[in-house]
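Coordinates in review
The lines below spell out each chain.
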Amino acid sequence: MISAAESPWVVLKFGGTSVSTAANWHNIVRVLRARLGDGLRPVVVHSAISGITDRLESLLAKAMEGQHEPVYQQIVERHRELARELRIAPGADLERHLNDLQQIAAGVALVGEVSERVRARVMATGELMATVLGAQFLRSQGLEVTWVDARTVLKSEARRGARTSVLSATCNFEPDPELQRRFSAPGHVLLTQGFIASDEDGNTVLLGRGGSDTSGAYFAAKLQARRLEIWTDVPGMFSANPRSTPTARLLKALHYDEAQEIASSGAKVLHPRCILPVRQYGIALHVYATQMPELEGTVITSAPGDSAAQVKAIAVRKGITLISLDSPGMWHQVGFLADAFQVFKDHGLSVDLISTSETNVTVSLDPAANTLDGAAIAGLVSDLSRLCRVQVIGPCASLSLVGRNIRGILHRLGDAFELFEEQKIHLVSQAANDLNFTFVIDEDQGDRLARQLHDLLIRATARDKVMGPTWEQLFSPARRSADAPPPWWHSRRSQLLDLAGRNGAAYAYDRGTIQKRVDGLAAMKSIDRRFYAIKANPHADVLRTVVERGVGLECVSQGELEHVLALFPDLPRERILFTPNFAPRSEYAFALERDLQVTLDNLHPLREWAELWRGRELFVRIDTGHGRGHHDHVRTAGLHSKFGVPLSELDELGRLARELSVRIVGLHAHAGSGVFNVHNWVETATQLAGIARRFRDVRVLDIGGGLGVPERPAQPGVDLAALDSALLEVREKNPGLELWIEPGRYLVAEAGALVAQVTQLKGKGEVQYVGIATGMNSLIRPALYGSHHEIVNLTRLDEPATETFSVVGPICESGDQLGVDRLLPPTREGDVVLIANAGAYGHAMSSHYNLRAPAKEFML
Ligand code: LLP
């Protein structure tokens, strides 16, 4: 047998996105030339063009109703389009597959049903067609290519006596001398399909969604290849999901175990099933990105070169449902678990995590392994209820710390546990294989906690054999997507440089950006009135800009009210809201004397200062019980928040209102700040509408502010269109109720930038510091919330950002850091640094700490 190290074969698997553009195909040619140049025999395994597998599914669904022609045409067109892009003629082979597809679809339409075998044949066409085009393109580039039908190589095996699964088959992957002979010609490329195989009778079977990775692994094992290369759209495995944690680090070296664990814990880079075949024969598995073939990627072997216990990744899985089984009688009872698990088995549900106590067993059901609709859960619960008390908890997220010998680091997790202080942990599980430690928490907290745990446990470690660069660092040159317009400060550069030059540090606001945001909200049909929460930025010109466009003002203190009344003495009173929290009695009196709309968020004022309210119209702020937001400090609902009248006091509220002849005309709720999920406001509106039925005078639901603004260029913002249509539905169901909103940040955050001159530089160990003229006295958000603000060297905006710096201010606290590990061009004293998205809660929260005046403000 040939040992892996001398094997002439290298198997390269390319995923759907890798084979869908001409640019990627040119990269593939380069990689293949390099492998051939190394004297290797490349075996390419590739997937269908991206999106085609889904379309084939829908072709079948539509065919059952005889409506498949449009989908069929889309499939045809997508392949022809790629052929045009690749400058090749589609050719007879492609036409043949397309013809087959059309005939099968017509057959399905005729009989009105699809067998598994027919489904497998249809789905396989995606890979067959894509590889036909792939082979043709490689030939057009001068490579010698043999196209191989994977079904002649990969044979499915029956599982434990059961029939071969047609749609999710497994194959034999023992070394295959016959295949090695067949693939032995040097100097050319073998090209075949992922995802497909055949059974003992030669019928097409599939390896399940994501099965192309597994195909690659089977080929590698059968050929005893030197390595398996998985080419995908990310350059390797990362220490967290980079889309939600951009400080995620590239994991350069992993053990098979760890890769398997990360893949199974929710990362989508590799299909977990592909690891076993390569692991069994010690074949190294490399992960690379097709669009950036020069990046180093991840290498997975049995000897990743480190043995120290270390958390390598934080993995999040969402959509988890917990089933909690309570039975006091369980204690010492023989067979309870067997009975309970039999019920899961009877319902065909696979259990993932388990934790037990004397009287409770809690298990998790993973949506990846189970079809979990309401009916499935209800059936399960009803059967389990015969054995014990059952509670369904969800939706939850599981958060796993992954790494070898994870027990060895538990003592270092002390600080990490503090992050869970405010958070209910439903279940904790430490894997028997010592590779993961998992917490199950509420789903909406998953990404945030993952980010915080990552910062604590992983981000800080220096680069070593395992931890590579961060996602941000890898993608910084391309960070701003090409079609997104550059932020306003690009075109105001000289003005901003000048401002910083004259003032040392300055806040600059762009009126046009505020206007654009106001107009965006104005376009929402579901909203009757908009108020600006002036706490975000009460600068007079900012207020003028929003007031001119018809927006009202929401104030939270007498100070804010006096400021607004002085600036706009003639502003109609109904355009001002007063929503204080724990304010002294005198402030309410001040507002009432001026006929302003007051929102109460506690019953104390009604109980104790009855005379103030008699006969008035009031808004009441309700604690809906669900706090949301970018940080604990800004989640303003729920048991641990000081805001709002709890639902348990609504009866008393009704009674007090009747006694005082107070009419409750508006209900208000603000769940928190920096929220992106539109569900937040829809839920608030729905909940308030429900409560409104108890108070006959309510005509307004104020659903608060809190609309998030992306911290990073690649992060998506709040989907206003989706929010609008969801709120329109709520309105339709609740006619007669107006919807108001009161955002602060959304209107002003992006319109503001803090510019400051560089004062000093310092290098200390691995860390380089850039000192600037102002710090947490001007912008406290990074220190207070760990917020991220983009930082650029405005003086050298066009130079490549190649060095990593921490950007710090002059304040005497270690927390005075505006950004950690930021990529900037080589930076000098006197350069001007710009800190973006500082228009909200920037100057408004500034101080004179250390007797350093905060940066002055300028409306441009
Ligand atoms: N309405 C009420 C009742 C509020 O308490 C707030 C903000 C808003 C509206 C406006 O929320 P926005 O749309 O700006 O998210 N300093 C923190 C934000 C604190 C928000 C406090 N309340 C930060 O810098 O992130």
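The coordinates are above.
Our subject in this report is the structure included herewith. Within each chain, residue numbers correspond to sequence positions counted from 1 in written order. Where local features are concerned, this predicted model is filtered to residues with pLDDT of at least 70; where side-chain atom pairs are given and counted, the filter is 80 or more; whole-chain, interface and lining totals use all residues. Excluded from the side-chain calculations are hydrogens and water; all other atoms, namely the structure's heavy atoms, are used.

Focus: unusual backbone geometry
- Cis geometry marks the peptide bond from Gly394 to Pro395, where omega comes out at 0 degrees.
- Unlike most non-glycine residues, Asn405 shows phi in positive territory, near 50 degrees.
- Only DSSP runs of H or I with at least four residues qualify as helices, and only runs of E with at least two residues qualify as strands; both kinds are numbered from the N terminus onward. With respect to the helices and strands, Asn405 occurs in the loop between strand S15 (389-402) and helix H12 (414-418).
- The exposure class of Asn405 is partly exposed, given its relative accessible area of 38%. With a 1.4 Å probe rolled over the protein chains alone, any residue whose accessible area is under 20% of its type maximum counts as buried; one over 50% counts as exposed, and the rest are partly exposed.

Let's talk about helix H10 (residues 336-346)
- Taken residue by residue, H10 has Phe336, Ala340, Val343 and Phe344 as its buried positions. The buried residues of H10 occupy an angular sector of 100 degrees when the element is viewed end-on, so they sit on one face. Projecting away from the buried face of H10 at angles above 90 degrees are the exposed residues Ala338, Lys345 and Asp346.
- Buried positions along H10 lie against strand S12 (313-326), strand S13 (351-356), strand S14 (360-365) and helix H11 (374-384).
- Positive phi shows up at Gly348, right after H10, with a value of about 65 degrees. The reported arc concerns the directions from the helix axis to the C-beta atoms and nothing else. Contact definition: two residues touch when any of their heavy atoms are within 4.5 Å.

Remarks on the nonpolar core
- One finds Leu138, Leu270, Leu285 and Leu401 to be the most contacted residues of the largest nonpolar core, which totals 130 residues.
- Examining the composition of this core, we find that 12 residues originate from one element, helix H5 (residues 116-140), more than from any other.
- Filtering out sequence-adjacent residues up to four positions away, Leu285 remains in contact with Leu228, Ile230, Leu270, Cys274, Ile275, Val278, Thr298, Val299 and Ile300.
- Throughout, nonpolar core names a set of buried Ala, Val, Leu, Ile, Met, Phe, Trp, Tyr and Cys residues whose side chains join them through atoms within 4.5 Å. Counting residues in hydrophobic clusters, the runner-up holds 99 residues, among them Leu571, Ile664, Leu779 and Leu824.

A word on the sheet that holds strand S1 (residues 9-14)
- The eight strands are arranged S3-S4-S2-S1-S7-S10-S11-S9 in an open sheet whose pairing can be described as mixed. The sheet is open, and its two borders are formed by strand S3 (145-147) and strand S9 (253-255), each paired with just one other strand. When the angles between neighbouring strand axes are averaged without regard to direction, this sheet yields 20 degrees.
- Where S1 lies against strand S2 (residues 41-46), six bridges are found, and the strand directions are parallel. Among the inter-strand pairings, Lys13 is bridged to a residue of S2, identified as Val45. If DSSP finds at least two bridges between two strands, the strands pair. Lines are fitted to the C-alpha atoms to define the axes, a helix being fitted only along its stretch in contact, and any angle between axes, read from their N-to-C directions, falls within 0 to 180 degrees.

Here's the deal with the site of the ligand
- If even one non-hydrogen atom of a residue comes within 4 Å of a molecule or strand, that residue is called near it. Taken together, 21 residues are adjacent to the ligand, and His630, Ser673, Glu742, Arg781 and Tyr841 come closest.
- Measuring from an oxygen atom of the ligand, one finds a side-chain N or O atom of Ser673 at 2.4 Å.
- Here an oxygen atom of the ligand sits 2.5 Å away from a polar atom, N or O, in the side chain of Tyr841.
- Only the protein chains shown count as cover for residues, and all accessible areas are computed by the Shrake-Rupley method using a 1.4 Å probe. With the chains in place, 92% of the 570 Å² that the ligand exposes on its own is no longer accessible.
- As a working rule, the residues Ala, Val, Leu, Ile, Met, Phe, Trp, Tyr, Cys and Pro are called nonpolar, Asp, Glu, Lys and Arg charged, and the rest polar, with Gly in that last group. Taken together, the residues that form the shell around the ligand break down as seven nonpolar, eight polar and six charged. Under the rule applied, a polar contact is a pair of N or O atoms within 3.5 Å (in protein, one hydrogen donor and one hydrogen acceptor; residues adjacent in sequence only if both atoms are side-chain atoms).

Considering the pattern of salt bridges
- Note on definitions: salt bridges are taken to be side-chain nitrogens of Lys or Arg within 4 Å of carboxyl oxygens of Asp or Glu. Within this structure, the stated rule accounts for 42 salt bridges.
- The salt bridge involving Arg151 is made with Asp149; its shortest N-O contact spans 2.9 Å.
- Of the charged contacts in the structure, one is a salt bridge between Arg279 and Asp257, with a shortest N-O distance of 2.7 Å. Taken together, the residues Arg279 in helix H9 (residues 275-280) and Asp257 in helix H8 (residues 256-264) connect sequence positions 22 residues apart.
- Here Arg279 falls in the partly exposed class, since its relative accessible area comes to 35%.
- Through salt bridges that share partners, Arg607, Glu649, Glu652, Arg655 and Glu659 make up one connected network.

So, the sheet that holds S15
- Strand order in the open sheet formed by six strands is S13-S14-S12-S15-S17-S16, with antiparallel pairing between adjacent strands. Only two strands of the sheet have a single neighbouring strand rather than two, namely S13 and strand S16 (427-430). Averaged over all pairs of adjacent strands, the angle between their axes in this sheet comes to 30 degrees, without regard to strand direction.
- As defined by bridge partners, S12 adjoins S15 across 11 bridges and the pair is classed as antiparallel. Counted as the bridge partner of Ile314 is Leu401 from S15.
- Here H8 sits on the sheet and contacts S12, S15 and strand S17 (436-442); the angle it forms with S15, its principal contact strand, is near 135 degrees.
- Sheet strands touched by H10: S12, S13 and S14. Its angle to S14, the strand with the most contacts, is close to 25 degrees.

Points about the side chain of Glu127
- Assignment of secondary structure puts Glu127 in helix H5.
- Those residues in contact with Glu127 that lie beyond four places of it in its chain are His46, Ser47, Ala48, Gln193, Gly194, Phe195 and Ser212.

Some points on the pairing of strand S26 (residues 663-668)
- Most of S26 sits inside the fold, with five of its six residues counted as buried.
- Where strand S24 (residues 617-623) and S26 come together, five bridges link them in parallel fashion. Bridge assignment links Val620 to a residue of S26, and that residue is Leu667.
- Here S26 runs beside strand S27 (residues 700-702); their pairing, made up of three bridges, is parallel. Residue pairing across strands places His668 opposite Asp702, the latter belonging to S27.
- Orient the strands so they point away from the viewer; a crossover is then right-handed if the path from the first strand over the helix to the second runs clockwise. In this region the chain leaves S26, passes through helix H23 (residues 679-692) and returns to the parallel neighbour S27; the handedness of that crossover is right-handed.

Thoughts on the packing of helix H4 (residues 91-111) against H5
- Interaxial distance between H4 and H5 falls to 9 Å at its minimum, and their mutual angle equals 165 degrees. As summarised for this structure, H4 and H5 are arranged roughly antiparallel, according to the angle between their axes. Where H4 crosses over H5, the handedness of that crossing is left-handed. In contact with Gly91, Asp93, Leu94, His97, Leu98, Leu101, Ile104 and Val108 of H4, H5 contributes Val118, Arg121, Val122, Thr125, Leu128, Met129, Val132, Leu133 and Gln136.
- When its residues are assigned to classes, the contact of H4 with H5 shows 11 nonpolar, four polar and two charged. Orientation categories follow fixed angle ranges, with anything under 35 degrees roughly parallel, anything over 145 roughly antiparallel, 65 to 115 roughly perpendicular, and all other angles oblique. It is the rotation of the near helix from the far one that decides the hand of a crossing: anticlockwise by less than a right angle makes it left-handed, clockwise makes it right-handed.

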